[in-house]
Amino acid sequence: MNPSGRVLFTLLVLLNYFGVKILASDVLSLNSDDRVAESSKRAVTWLLNRRNSQLHWGRLVNSQTLLALSRSGVFNSSLPEFQLAIKQVDIDFLLDRLRHGELELYSDRLIPLAVSLTSLCRSPTHYYDYDLLDGLLDYRRKTSNFTFAAEMLAVCGGDGVIRRVHMRRLVWLLNPKMWTGPSISFDTMSMVLMATGCVAEHYGHPYLLPFADTIAEILISKQERDGSFGYNNVISTAMAIEALQIRGLSVKVDPTVRAAINWLISNQLEDGSFDSDLMATSEALLALSPKGGRSYIHMSQCPGEVTTPRNPMLNHVPIQILIWIGEQPSLKRQTFHLQVPVNSTVYNALLLAQADGLLRFETREYSFGHYLLSINNTSEVADVLNVQQGWVIFILPSADHGKPEAKYQMKKSVSSYQISSGDCILFWYRNINRD
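Along each chain, numbering runs from 1 in the same order as the chain's sequence is written. The model is predicted, so local features are restricted to residues of pLDDT at least 70 and side-chain atom pairs to those at 80 or more, both for listing and for counting; the totals for chains, interfaces and linings are taken over all residues. To obtain the side-chain values, all non-hydrogen atoms of the structure were used and water was disregarded.

For the rest of this paragraph, the subject is unusual backbone geometry. One non-glycine residue, Ser276, adopts positive backbone phi at about 55°. With respect to the helices and strands, the residue Ser276 is situated in the loop between helix H11 (254-266) and helix H12 (278-287). Backbone geometry at Asn377 places phi at a positive 70°, although glycine is not the residue there. Counting from the N terminus, the helices are the DSSP runs of H or I reaching at least four residues and the strands are the DSSP runs of E reaching at least two. Mapped onto the elements, Asn377 comes out in the loop between strand E4 (369-375) and strand E5 (378-379).

A few words on the nonpolar core. By convention a nonpolar core is built from buried Ala, Val, Leu, Ile, Met, Phe, Trp, Tyr and Cys residues, the set being connected through side-chain atoms within 4.5 Å. Only protein chains enter the calculation, and the probe is 1.4 Å; a residue is then buried if its accessible area is under 20% of its type maximum, exposed if over 50%, and partly exposed in between. Counting 89 residues, the largest nonpolar core has Leu69, Met152, Leu219 and Leu264 as its most contacted members. If one sorts the elements of this core by residue count, helix H8 (residues 186-202) sits on top with nine residues. Counting residues in hydrophobic clusters, the runner-up holds 29 residues, among them Ile321, Ile375, Ile395 and Val414.

Counting buried positions along helix H3 (residues 62-70) gives nine out of nine residues, so the element sits mostly inside the fold. Taken residue by residue, H3 has Asn62, Ser63, Gln64, Thr65, Leu66, Leu67, Ala68, Leu69 and Ser70 as its buried positions.

Turning to the confidence of the model for the protein, a few remarks are in order. Residues of the protein with pLDDT of at least 70 account for 85%, and the chain-wide mean is 83. Here helix H1 (residues 7-13) stands out as the least confident element of the protein, with mean pLDDT 38; helix H10 (residues 234-243) is the most confident, with 97. Confidence scores per residue from the predictor, reported as pLDDT, run from 0 to 100. Residue contacts are counted whenever heavy atoms from the two residues lie within 4.5 Å of one another. Here residues 1-32 scores under 50 on pLDDT; set against residues more than four positions off or in separate chains, the count is 88 contacts.

Convention adopted: a line fitted to C-alpha atoms gives each axis, helices being fitted over their contacting stretch, and angles between N-to-C directions are expressed from 0 to 180 degrees. Where helix H7 (residues 164-173) contacts H8, the axes come no closer than 11 Å and their chain directions differ by 130°. On the basis of the axis angle, H7 is oblique to H8. Along this stretch, H7 crosses H8, giving a crossing that reads as left-handed. Of the residues in H8, those in contact with Met167, Leu170 and Leu173 of H7 are Val192, Ala195, Thr196 and Val199. Here the contact of H7 with H8 is composed, by residue class, of six nonpolar, one polar and no charged. What sets the label is the angle itself: under 35 degrees gives roughly parallel, over 145 gives roughly antiparallel, 65 to 115 gives roughly perpendicular, and the rest give oblique. Helix crossings are classified by the rotation of the near helix relative to the far one: an anticlockwise turn of less than a right angle makes the crossing left-handed, while a clockwise turn makes it right-handed. Classification convention: Asp, Glu, Lys, Arg as charged; Ala, Val, Leu, Ile, Met, Phe, Trp, Tyr, Cys, Pro as nonpolar; all other residues, Gly among them, as polar.

What follows deals with the pattern of salt bridges. We count a salt bridge whenever a side-chain nitrogen from Lys or Arg sits within 4 Å of a carboxyl oxygen from Asp or Glu. Applying the stated criterion across every chain, the model contains five salt bridges. The salt bridge partner of Lys87 is Asp90, with a shortest N-O separation of 3.9 Å. Placement of the pair is Lys87 and Asp90 together in helix H4 (residues 80-100), with a separation of three residues, close to one helical turn. Here Lys87 and Asp90 have matching classes, each one buried. The salt bridge involving Arg294 is made with Glu242; its shortest N-O contact spans 3.4 Å. You can see Arg294 sitting in the loop between H12 and strand E1 (316-325) and its partner Glu242 sitting in helix H10, a full 52 residues away along the chain. Look at Glu242 and you get buried, because its relative accessible area is 1%.

A few words on the state of the cysteines. Disulfide: a covalent bond connecting the sulfur atoms of a pair of cysteines. Pairs of cysteine sulfur atoms within 2.5 Å are identified as disulfides in what follows. In this structure the tally under the stated criterion is two disulfides. Disulfide partner of Cys121: Cys302, at an S-S distance of 2.1 Å. Taking the torsion about the S-S bond as the criterion, the Cys121 to Cys302 disulfide, at about -95°, is left-handed. In this pair, Cys121 sits in the loop between helix H5 (107-119) and helix H6 (145-157) while Cys302 sits in the loop between H12 and E1, placing the two residues 181 residues apart along the sequence. The disulfide partner of Cys156 is Cys198, and the gap between their sulfur atoms is 2.0 Å. Taking the sign of the S-S torsion, about -95° here, the bridge from Cys156 to Cys198 comes out left-handed. Note that Cys156 is positioned in helix H6 and Cys198 in helix H8, a separation of 42 residues in sequence. You can call Cys156 buried: its relative accessible area is 0%. Sequential numbering of the bridged cysteines in the protein gives the disulfide pattern 1-4, 2-3.

A few words now on a nonpolar patch on the surface. A cluster of nonpolar side chains, namely Val171, Tyr207 and Phe211, defines an oily patch on the protein surface of about 280 Å² accessible area. Topologically, Val171 is positioned in helix H7. Nonpolar side chains (Val, Leu, Ile, Met, Phe, Trp, Tyr) within 5 Å and like charges within 9 Å form the patches, drawn only from residues with over 30% relative accessible area and no salt bridge. Using the Shrake-Rupley algorithm and a 1.4 Å probe, accessible areas are obtained, with residue cover drawn only from the displayed protein chains.

Our focus in this paragraph is the packing of aromatic side chains. Any Phe, Tyr or Trp ring, taking Trp's six-membered ring, that has another such ring centre within 6.5 Å forms a pair; planes under 30 degrees apart are called stacked, those over 60 apart edge-to-face, and the others tilted. Tallied over the entire structure, the rule returns 11 aromatic pairs. Here the aromatic rings of Phe93 and Tyr127 are separated by 4.6 Å at their centres, their planes lie at 55°, and the arrangement is tilted. Of this pair, Phe93 sits in helix H4 while Tyr127 sits in the loop between H5 and H6; the two residues are 34 residues apart in sequence, bridging distant segments of the chain. For Tyr127, a relative accessible area of 0% corresponds to the buried category. Between Phe186 and Tyr231 the ring centres are 6.3 Å apart and the planes differ by 75°, which places this aromatic pair in the edge-to-face class.

The buried fraction of E4 is high, at six of seven residues. If DSSP finds at least two bridges between two strands, the strands pair. With six bridges connecting them, strand E3 (residues 361-366) and E4 associate as antiparallel partners. Bridge pairing in E4 places Phe361 opposite Ile375. Linking E3 back to E4 in an antiparallel pair, the connection comprises two residues. As defined by bridge partners, E4 adjoins E5 across two bridges and the pair is classed as antiparallel. Within the sheet, the bridge partner assigned to Ile375 lies in E5 and is Thr378. Once E4 ends, the chain turns through two residues before running back antiparallel as E5, passing Asn376 with a positive phi of about 50°.

Quick look at the side chain of Asp213 now. Summarising the element assignment, Asp213 is placed in helix H9 (residues 209-221). By the counting scheme adopted, Arg and Lys are positive, Glu and Asp are negative, and His together with the chain ends is not counted. No salt bridge is formed by the buried Asp213; its nearest oppositely charged neighbour, Arg247, is found at 14 Å. Leaving out residues up to four positions away in the same chain, Asp213 has contacts with Leu249, Ser250 and Val251.

Now the structure itself:
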């Protein structure tokens, strides 16, 4: 099988080593408390146990969960469970590029992916030849204050480009008048503080810190008596802990942070989760991190060479897959389109379609290659001597070709036939010896 066609499933087995050497020696010493370490371990265990059969947590929370794990005290990139988590993020990204060609990701997915890569010392600006940060901080696109601050923090951590127009908006958000009234967003305030801390430290804007002190004092004043923020909200409390740990603050934050951490730990469930929720547990794990949360993530903390994985699947071709069942298959047909790497085999295409939830299939491997047994639980029917019904594969010149002649039947195994651009691959379940 050719190298390009093997890319998808070799991602599952080729486990690269990522250098995760992040220094945060000046994180508040209270994070070394035994209760915090024990709480973090339980949260990590719960997160790992929540992975599905594809070894991830779902596309919407995959990167966020990996980010939290990468900042935990028990994270070790050489362990298989963490290597597989990293690889699954890569696979999700590459599959998106295969399906859509030019990647179409919104900032709510780009942000956690970019920050996770930075935390793992993998360049978000050269991630399989795609610049994730380039899709953020687009001043022509309207974003909420929370999204803007989150994008600012991601770009800052990844050492991306921050322009004057972005700085003007950040300074505007540091106006104390923005944070008065009963309807203020604790999460937005926390994210603005984290973005400010990163920009002040790494982009030479220390004049922002006095403004950050004022916002921090407002945030501290909103803490509940029990130590929580946001009316006993786990995510809001966790984000406030991260925000109040930014470097350069002159206000006294230790008692506030300690009370918030105590509240978090006291509200951890017996199974190790927070609110039995992936997002809440991930955010709490970030807040309890001995390495510091989001505000401590920056490329400068990667002492070695930053990993810049190259994309082996930049070139891909469009194909169409048709599934017919029966001698008169007009009522039992499926048709869908795929983008597959150049030089892929039919077997590779089936793997991609299965990963995308379009079909399920089974094969058996022989010396000549993979033999197709079933699609969507429709299996061949055989007696002792012969296969009576089974899957016959045709390579058609077009999807509206009609019933195919024998000359279009594929003569090789599914793992041997190399796909060409525009191929229409027909999988027809029928009587085998009907002619």
